[in-house]
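# Geometric and topological summary
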Amino acid sequence: MKETPEQTDTVPSGCPFTGFGSSKYHPMNRKFMKLKNYQNGQEFVDTLCNQAHEDTPCQPKHCGGSVMFPRSPEHQDRPRGTPRSQEVLLQEAKEFIDGYYRSMNRPPSGFHQARWEQIQAEVAKTGTYQLTTQELTYGAKMAWRNAYRCIGRIQWNKLTLFDARSVTTAGQMFDAICNHIKYTTNKGNLRSAITVFPQRTDGKHDYRVWNMQLVSYAGYRNEDGTITGDPANVEFTEVCQKLGWKSPKGRFDILPIVVSAGGQDPEFFDIPEDVILRIHISHPKYPWFKDMGLQWYALPAVSGMMFDCGGIEFCACPFSGWYMSTEVAARDLCDPQRYNMLEPIAKNMGLDTSNYRNLWKDQALVEANLAVLHSYQEANVTIVDHHTAADSFMKFMENEQRLRGGCPADWVWIVPPMSGSVTPVFHQEMSRYIVKPTYSYQVQAWKTHNWKKRDGSEAVRKQQRKFHFKEIAGAVQFASQLFGEALSRRVKATILYATETGKSETYANMLGQVFSHAFNAQVMCMDDYDIVDLEHEGLLLVVTSTFGNGDAPENGEIFFKALQNMAEEYHLMMSSTNTLDSVPDIKKPFNPAQRIVPVGQFARSQSTPKGMSVTEPLSKAVQNMSVPNTPDRTGQNGDWQRWPSVYSEAPAGSLANVRFAVFALGSSAYPKYCQFGKDVDSLLGHLSGERIEPVACGDELNGQEQSFKEWAADVFKAACDAFCLESDSVMARATERLNSDKAASPDAVRLMQTHTADDLVPGLGRCHGRQLISCTAKHARMVHEKDTGRSTINVSVTSGGNPSKLKFKPGDHLAVFPRNRQEIVNAIRRRLIRCPEGPVELQVMRKVTTPLGVDKRWEAHQRLPRTTVTDMLTWYMDVTTPPTPNMLRMMAAMATDENEQTKLKLLATNGEAYEEWKFTNWPNLAETLAEFPSIEADGPFILCNLPLMQARAYSISSAPDYRPDEVQLTVAVVQYHTRGGQGPLHYGVCSNYLNEIEEGDRIICYFRNAPSFHMPENKSDPIMMIGPGTGVAPFRSFWEQRHHEKRRAPEGTKFGPMTLFFGGRSRAMDLYAEEKKDMMQDGVLTKCHLALSRQPGVPKTYVQDQLMEQHEDVLECLTNPNGHIYVCGDCTMAHDVYLTLEKMLYTKAGMEPEQAKLYMEKMRDSNHYHEDIFGITLRTAEVTDKTRALISKKASMDKDTGADRLPKYRRDSIGVL
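The rules behind these values
- Residues numbered from 1 in each chain as written.
- Predicted model: local features only at pLDDT ≥ 70, side-chain atom pairs only at ≥ 80, totals over all residues.
- Heavy atoms only, no water.
- Pairing = 2+ DSSP bridges.
- Helix = DSSP H or I, 4+ residues; strand = E, 2+ residues; numbered from the N terminus.
- Axes fitted to C-alpha atoms, helices over the stretch in contact; angles between N-to-C directions.
- Patch = residues over 30% accessible without salt bridge, like charges linked within 9 Å, V, L, I, M, F, W, Y side chains within 5 Å.
- Areas by Shrake-Rupley, 256 points an atom, 1.4 Å probe, with all protein chains shown as cover.
- Salt bridge = Lys/Arg side-chain N within 4 Å of Asp/Glu carboxyl O.
- Buried < 20%, exposed > 50% of the residue type's maximum accessible area, 1.4 Å probe, protein only.
- Contact = heavy atoms within 4.5 Å.
- Right-handed = clockwise from strand over helix to strand, strands pointing away.

### Re the sheet that holds strand 43 (residues 1124-1130)
One open sheet accounts for five strands, arranged 42-41-40-43-44; its pairing is parallel. Single-partner strands in this sheet number two, and they are strand 42 (1087-1092) and strand 44 (1169-1174). Averaged over all neighbouring strand pairs, the angle between strand axes comes to 10°, with direction disregarded. The sheet contact formed by strand 40 (residues 1023-1026) and strand 41 (residues 1058-1064) spans four bridges and is parallel. Paired with Met1024 across the strands is Thr1059, a residue of strand 41.

### Observations concerning a nonpolar patch on the surface
Together, Met68, Phe69, Trp411, Val412, Trp413 and Phe426 make up an exposed nonpolar region whose accessible area comes to about 570 Å². Mapped onto the secondary structure, Phe426 falls in the loop between helix 12 (411-414) and strand 18 (438-440).

### Focus on the side chain of His180
Within the fold, His180 resides in helix 5 (residues 170-185). Classification of His180 as buried rests on a relative accessible area of 1%. Apart from the residues lying within four places of it in its own chain, the contact partners of His180 are Ala193, Ile194, Thr195, Leu214, Pro318, Phe319 and Ser320.

### Some remarks on the pairing of strand 42
For a regular strand, side-chain orientation follows a simple rule: the groups alternate between the two sheet faces. Across six bridges, strand 41 lies against strand 42 in parallel orientation. What sits directly across from Gly1063, in strand 42, is Ala1091. With helix 31 (residues 1073-1081) bridging strand 41 and the parallel strand 42, this β-α-β connection has right-handed handedness.

### Comments concerning the sheet that holds strand 13 (residues 306-309)
In space, the three strands of this open sheet follow the order 14-13-18, with antiparallel pairing throughout. The open sheet terminates on both sides in strands that have one partner only, identified here as strand 14 (312-314) and strand 18. Across the sheet, the mean angle from the axis of one strand to that of its neighbour is 25°, orientation sign disregarded. Two elements, strand 13 and strand 18, share three bridges in a ladder whose sense is antiparallel. For Asp308, the partnering residue across the bridge sits in strand 18 and is Thr438. Helix-sheet contacts for helix 4 (residues 133-145) involve strand 13, strand 14 and strand 18, and the interaxial angle to strand 13 is about 115°.

This is the structure in structure tokens:
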């Protein structure tokens, strides 16, 4: 009620909670309420009460605070069962949407305003609006947070939402309810969840769950007036019987689920017995307790309340958590109006029940509670005692006061039904008020239902057809299968990938196929994912590679930046609320353009994400935030008092409800092995996500595919266990899918002739999902002396008459799509069968489920264009990478020679044999087919399963202002013999393609921005460039840009010094030697140092040696706050340079070793230390052999220590360097 002047002035006193009838000067009329704790004397002011939405049941001259079921809010402003007016709806919608966007700690944005305008338009058109799933999840959590009668709200942020607003029938409602019960029961490890059915529209088509609780016991009225079963459910039991429900009329009969969909008459459904978890009550000391035959169910699931959110009412919204022991023992079993077991218990204890002075009721009640706690523990079912619950509520109330300025609470309900004054909540003043979103009481459905076909007074009797046993058995089996699959697919599994070469995408799709057997699996690139959805995911799986030496792939940068921002906001929030003892220092937000992270920082834990520095151990709260609080399942913990409490404080992290697992791909040749995947895993953990499997790593040098398949099988089982899905029934199918091919068989793929072929540029663009440009080759010429045994070329391309296409800056990359060598393509083409000549379209058979059954349809391949088979092999398919074990398994099925079949199967299944074959021969597809001549290579099948050929990225070697309408590259031409120099000659795909281009040839490419490797904006900043071999490429663009700037700069403009450290094998390999001399003469390059590692008569030196020799100049730039150091080269060189500079700081600059490490880290974080790290090219064999030797040594050590018994992905999670 609203206060009126008359009420304020005429009555001297009133309700302390509302101020009705009090003076306008009464303390309770202020815009706050002071609440005191009489146990410790502390006071705090509740200001949240000013946001209360509904009147309390109090009147001017009496208080209704202890009314059990207050008048429903829907009766206060309108007739029962009618929707709100549009004016009120929009008012509440605006308040809710504003709160929703404020909750994400985001500044006002166009998204917020656009959403509000969308709601207004929808209400104007339809009279209501639909909440998004994300908004609904937020609202459900807030409603639990605002539930003033609930003592267990400290876990409010861990509520899982099942969105069932799409259901239309009672049967679908029942399916969703069974899913809810199964998920939340979780084999005893209870989880809080809510299932939301369609919202109220006109009040005549409501969806209702008639049960007050999803699981409850029937109550039967006997002729003598006594009651068998639960007296609280007598009325509802009679309703069920009138609907036709039959029961054995025992003490503990589970009532059926009764639901009505869209205002239709109700239908009832018996809950399958295996879905219900019952606990038989026994006592740790009294054996006779078990003989009393008492039992209760595990899951308390309230289903009769209304969910009021954003002005919308959801009349069917069952939600559940877990029991506090007194709810079962004191209320359900011992209340006089319930099972009334207090006196029988006391008599069995030998107590005198005729005299209250011996406190027999108190003694019996304590033993009843002990029996309930003991029984739930013995059954491994979550429960909490009332003392722990009271303590947790006080912590929750303290947090709410700090975060929101108040906490609505009903003292009458919060204080436990026994031992009241020995719990802290008894001594705490509380303020009861209603804040929305909220859960509110509503009149029982059977009292308000408008019957359509009957009045409900007679049982439903339908003519039933008689079925033979065989028909029934078949129908039951079919229905059971459909039921299980329908329930499981309600759980969404989001699979995100980030990739540079396409391997992570391949694995992610494979994982999606596995999880589709039990989940609603959706595979997405990180670039396409809306980060706002992250906190509402149920299951998140990440498959990602690492770019360079620890950075995100290009299509994972934005996602990672958003994830780091979330972590920063979360830890700042936790710090401000003093919830944690210590908080990790989140450094400056991640720059998505910062492509490379410096190497050598091994002091930081692998589990600490980039951008986060932990200078001291995390608090216990942080360390344990993602560890579920579950009972001890080992059987060794027999004392229920030592359980980890389910009421321990749940951090309000954004991802508290998300279960996740990460598979990281990488090469152990890199010091920052799989670092990006580890960083993602660590951030998800820091944000309170629940890790269902430790981060797994797959080493491309050591059985990556085997590691992935082992991890995929393990994580699938872990996910099924986490969501209470029966994994055994689908595990075999999922594993079969994991070990099968992309196309199930040659019969499921074909090549169909077409009249036209797609053009190459749009075809490649569609294939790779990129906007590509077509350039024209100008020249490819050597940039060093001849007869050096190696070849490095300068490649020049032009726009072909459209200079606007060439948009880049010095330091950026050009990614070029190469073509496979013609002799390899021809050799493969000759071996393929079922390949028509001319343009063809690759088609795959898809199975589509329709109401009439499974329909098979031929569909065009999603990525490959219409073109000739030769062009597919030339431009689109990767035919030079050794075939994967999966491809070899397919070839074994095509081979006709038994010996070849045996060897192919061995290579496909034995990781060690495969790795040895792969790295000894490094065979391309043509050589593999030649090695196994009996293979009848099915063309469509091979093409469907080959990986796509990826573009090769090169650092640009020219400045756009210095050379308009031209892009130049510096490319090392790769040619080598396999088998230690004794095998056939192999060619690097792209370097040899560029080496053989002729003037006027078309080059298909795209630019890759690298802002973290751009020149400093302040031209006076000193620059030091370190790049051996082709690492000089971006620095050539730097000196050309500086030359252009100096020519056009006004007189007196100050330019900082520019120093170059270059390394090569010999003077003959001194790339761009004449240009460097010219730039020295023109004053562009200040100094140029040359390191020679193979020059006859000269001591072997590397750029690291030159750096130490010139340490004074290096330190001058390194310690200058405006200095910038750029490093370009392969990963091992970059690692050595980093360690050299670090060593220089503590050997030449007087720093302590730890100070030097921190200084280098600070340079990286401030973007003054830049790295452009490329893959190993000419040194591939050298580094690979070294790495594989370390891998073999580590495998031997694993065998000695017994670690070889662990899954391979676990053994590979630690790099060998």
